[in-house]
Amino acid sequence: MDLAAVLTIEVLSGIAGLALISIGLAIIFGMMRVINLAHGEFMMLGGYAAIVATNHGVDIWISMLVVAPIVVGVIGVIAERTIIRFLYGRMIDTLLATWGLSLFFIGIVTTIFGNISAGIRAPLGSVAVGRYNISVYRLVLIGITAMIFGAIFIVLRRSRLGLIARGTMENPNMAAALGVSPSRVYATTFGIGAALTGLAGGLLAPISGILPTVGAAYVAKAFITVISGGTAILAGTLAAAGLFGSVNQLLTYFTTPVIGEAGLLAVAILLLRVLPHGITGKLFRGSL
Amino acid sequence: MAAIAVGVPRVVDQFGLLQLTIFAAMCILALSLGVVWGYGGILCFGQSAFFGLGAYTYAVTAINLEESTVAVILSIVVPAVFAALLGYFMFYGRLSDVYLGVITLSVTLIFFNLMNSTAGDVYRVGTARLNGFNGMPSLPTLNVPGDPGRLLDSTETFYLVMAVLVIVYVGLHALLASHFGRVVVAIRENETRCELLGYDVRLHKLLIFTIGGGIAGLAGCLFANWGAFVSPNVFSLTMTSQIIIWVIVGGLGTLLGPIIGCLIMQYLATMLGTQQLANTNLIFGTIFLAFVLLVPRGLVPSLRRLGARLVGRAPARGLEPGA
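What you are looking at is a predicted structure, and each value in this text was computed from that prediction instead of being measured.

(A) The overall build of chain B, seen in detail. When you go through chain B residue by residue, the secondary structure sums to 13 helices and 4 strands. What you see for chain B is a C-alpha radius of gyration of 20 Å, in line with the 20 Å of a compact globule of 323 residues. The burial tally for chain B puts 48% of its 323 residues in the buried class. Taking the intrachain contacts of chain B between residues at least 6 apart in sequence as the baseline, contacts between residues at least 24 apart amount to 75%.

Here it is, written out as structure tokens:
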């Protein structure tokens, strides 16, 4: 019984982790058709922002939940204005440019902080479930991820900002004719996507620690999740994270983390063979 | 190229010779992506997966058999078979360009994570321990086929690697000039039209992808042999991005471009590595960005164009891409 509870929490935590690292990418890709290969480095920057702020005496929750997203959001807007806006519509070139950007960030951070790992202690300690100990912070992460998804849903569905953003992505010329500045909307959307990525990086920093090259550990999983999810940002990411998170955590529990990772990839490749446009390319069409 | 190869060992010292050997091995790797991406139009970000797979296949087989001939053959066959499998899922699933890039990249990174976590005595293939992130040291180097006791020295290895480079270069030229090669280029130019003309687009893509995978595996084998060492870094993001940068800098749609790009960037990386002036990633990232934004065609096609304009004729439109 205890085991079942712990396993459920592990699986939920795995799903929340995948959803958290993917949502920023999903917004930038789903809304703007830009594949941001610097995604992992945005997370890395968020992690460093949180750690540096905490080490300078800022409360750990504020540095994770406020400082990290703001820092990375600003960096994202700058990157969009200086590089990415010249490449809209040229998907492969944006892919390559963001790759260059990712190397650039790794280089800068290595120069500043050195090629050593940094970390902060996870807050909140642990709680006993029968014979097992569970980190409270992991439970909180599941809650925070759920809240982020809820907030994005409400913003996209109910708010004026979300309406303008969706309209601009649908038809930028029409939006411009109605008095909306598409380039401002693009910059904002990219900034929000980057900020969410930074938030994810900040939140995961206490669990995984951080290195200048840590982005590589996240980026593959995030991409697989987003691409397998398909066009719908929220439903797609959730569905794919649900599938891959369960496969990964269960395989990891019963065998080893190595087989868990390989299993995740195998399921993803098989899935894309059957559904080349991702889960929401066929199921749940028209959802957000 | 052959003339340079013969003369070089007389002129340069041991260190220079080793440098040139590794440069030539990397040029083979650059060619493999140059043909898959530049001619096949397949955006493969996972060329280092095949490279690394070749290196590890060589390492494991050579340790187990204590002989290198079979290891070399397997280091071409295994990556090619893996490329064929992966390619089957991607091309027959009709994934588009960008998805291909991301999937191949993800495969590479998963390999990286996998190999990094194989530390410990449990992870061994036959007598070969994989050693996780520490890598596999003191691999048996190449020997004369059929005579395991007779190892190649550094000069012989240099000749061998240069010969392989020349053979791959000439072979790819011949392949691209053949009927098969022309269909591959035609598919890059217009996939739908080729399909309507009755060519099997998926099969052609799969074949060129498999060939590229095999060549990358061979490069990996030469790399592992060069340092008698292989570590998961062959799958790392740095490795993957280097290959892409070589091809971008040199120019897509040429075979000379990737070689030149590879030589320039390798030279730069060696220089940066010894001088510690600035972080290599920083410089490479900046160059990468600059080329994508300012010289998207790459050096060789741009220079050819410039040359043609200076001479005053229209740019030649052979096998080069239209845009």
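Read on, since the account is not over.
(B) Just the overall build of chain A, in detail. In terms of helices and strands, chain A carries 12 helices and 2 strands. Helices and strands appear in chain A in the N-to-C order α-α-α-α-β-β-α-α-α-α-α-α-α-α. Taking 19 Å as the expected radius of gyration for a compact globule of 288 residues, we find that chain A reaches 19 Å, a close match to that expectation. Along the first, second and third principal axes, the C-alpha set of chain A runs to 65 × 45 × 35 Å.

(C) Summary view of the nonpolar core. Counting residues in hydrophobic clusters, the biggest one holds 186 residues, and the most contacted among them are I28(B), A30(B), A55(B), A59(B) and A219(B). The contacts of A55(B), once residues within four sequence positions are left out, are G220(B), C221(B), F223(B), A224(B), V230(B) and V234(B).

(D) Region of the structure containing the confidence of the model for chain B. All names here are of chain B. On average, residues of chain B score 84 in pLDDT, and 92% of them reach the 70 mark or higher. When mean pLDDT is compared element by element in chain B, helix 9 (residues 201-227) scores highest at 92, while helix 1 (residues 2-11) scores lowest at 65. Long-range and interchain partners of residues 317-323, a stretch whose pLDDT sits below 50, account for 9 contacts in this model, where long-range means more than four residues apart. The complex prediction reports pTM at 0.82, with the ipTM value standing at 0.76.

(E) Geometry of helix 10 (residues 237-250) of chain B. All names here are of chain B. An ideal rise of 1.5 Å per residue puts 20 Å on 14 residues; helix 10 measures up with 20 Å between its terminal C-alpha atoms. With respect to burial, helix 10 is a largely interior element, 13 of its 14 residues being buried. After helix 10 finishes, the residue G251 shows a positive phi value of roughly 125°.

(F) Representation of helix 13 (residues 299-311) of chain B. With 13 residues, helix 13 of chain B should cover 18 Å at 1.5 Å per step; its first-to-last C-alpha distance of 18 Å lies within 8% of that length. Just downstream of helix 13 of chain B lies G312(B), where phi reads positive at about 95°.

(G) View of the pairing of strand 4 (residues 147-151) of chain B. Residues and elements named next belong to chain B. Among the 5 residues of strand 4, 0 are classified as buried, and the element is accordingly described as predominantly exposed. Pairing of strand 3 (residues 143-144) with strand 4, which is carried by 2 bridges, proceeds in the antiparallel orientation. Among the inter-strand pairings, V144 is bridged to a residue of strand 4, identified as D147. In textbook terms, the turn of a hairpin is the stretch between consecutive antiparallel strands, and for strand 3 and strand 4 this stretch comprises 2 residues, one of which, G146, has a positive phi near 85°.

(H) Quick peek at the interface of chain B and chain A. The interface is formed by 34 residues belonging to chain B together with 35 residues belonging to chain A. Those elements that place two or more of their residues in the side of chain B that touches chain A are helix 5 (97-116), helix 10 and helix 12 (280-294) of chain B. Top contributing element to the side of chain B that touches chain A by residue count: helix 5 of chain B, with 13 residues. In terms of residue class, the side of chain B that touches chain A is built from 22 nonpolar, 10 polar and 2 charged.

(I) Spotlight on the packing of helix 7 (residues 179-189) of chain B against helix 9 of chain B. Residues and elements named next belong to chain B. Relative orientation of the contacting elements helix 7 and helix 9 amounts to 110°, with a least axis distance of 10 Å. What the angle tells us is that helix 7 and helix 9 run roughly perpendicular. Two packed elements cross with a definite hand, and for helix 7 against helix 9 that hand is left-handed. In this structure, helix 7 contributes V183, V184 and I187 to the contact, and helix 9 contributes V201, H204, K205 and I208.

(J) Examining the environment of I75(A) more closely. All names here are of chain A. Positionally, I75 belongs in helix 3 (residues 60-82). The exposure class of I75 is buried, given the 22 C-beta atoms found within 10 Å. Spatially, the C-alpha atoms of I75 and P206 are 22 Å apart, while their sequence positions differ by 131 residues. When sequence neighbours within four positions are dropped, the list of residues in contact with I75 reads L45 and A194.

(K) Just unusual backbone geometry, in detail. Residues and elements named next belong to chain B. Here the phi dihedral of E66 falls at roughly 55°; this positive angle occurs in a residue that is not glycine. Along the chain, E66 turns up in the loop between helix 3 (47-65) and helix 4 (69-92). A count of 11 C-beta atoms within 10 Å places E66 in the exposed class. With a phi angle near 50°, A228 is a residue other than glycine that sits in the positive phi range. Overall, A228 belongs to the partly exposed group, with 14 C-beta atoms counted inside 10 Å.

(L) Quick peek at the environment of H39(A). In this structure, H39(A) sits in helix 2 (residues 39-55). When the C-alpha positions of H39(A) and I28(A) are compared, they lie 9.8 Å apart, and in sequence the two are 11 residues distant.

Thresholds applied
Residues numbered from 1 in each chain as written. Chains lettered and ligands numbered in written order. Predicted model: local features only at pLDDT ≥ 70, side-chain atom pairs only at ≥ 80, totals over all residues. Helix = DSSP H or I, 4+ residues; strand = E, 2+ residues; numbered from the N terminus. Rg over C-alpha atoms; globule rule 2.2 N^0.38 Å. Buried ≥ 20, exposed ≤ 12 C-beta atoms within 10 Å, placed from the backbone. Contact = placed C-beta atoms within 7 Å. Core = buried A, V, L, I, M, F, W, Y, C linked by C-beta atoms within 7 Å. pLDDT = per-residue confidence, 0-100. Expected span 1.5 Å × (residues − 1). Pairing = 2+ DSSP bridges. Nonpolar A, V, L, I, M, F, W, Y, C, P; charged D, E, K, R; others polar. Axes fitted to C-alpha atoms, helices over the stretch in contact; angles between N-to-C directions. Parallel < 35°, antiparallel > 145°, perpendicular 65-115°, else oblique. Left-handed = near helix turned anticlockwise from the far one by under 90°.

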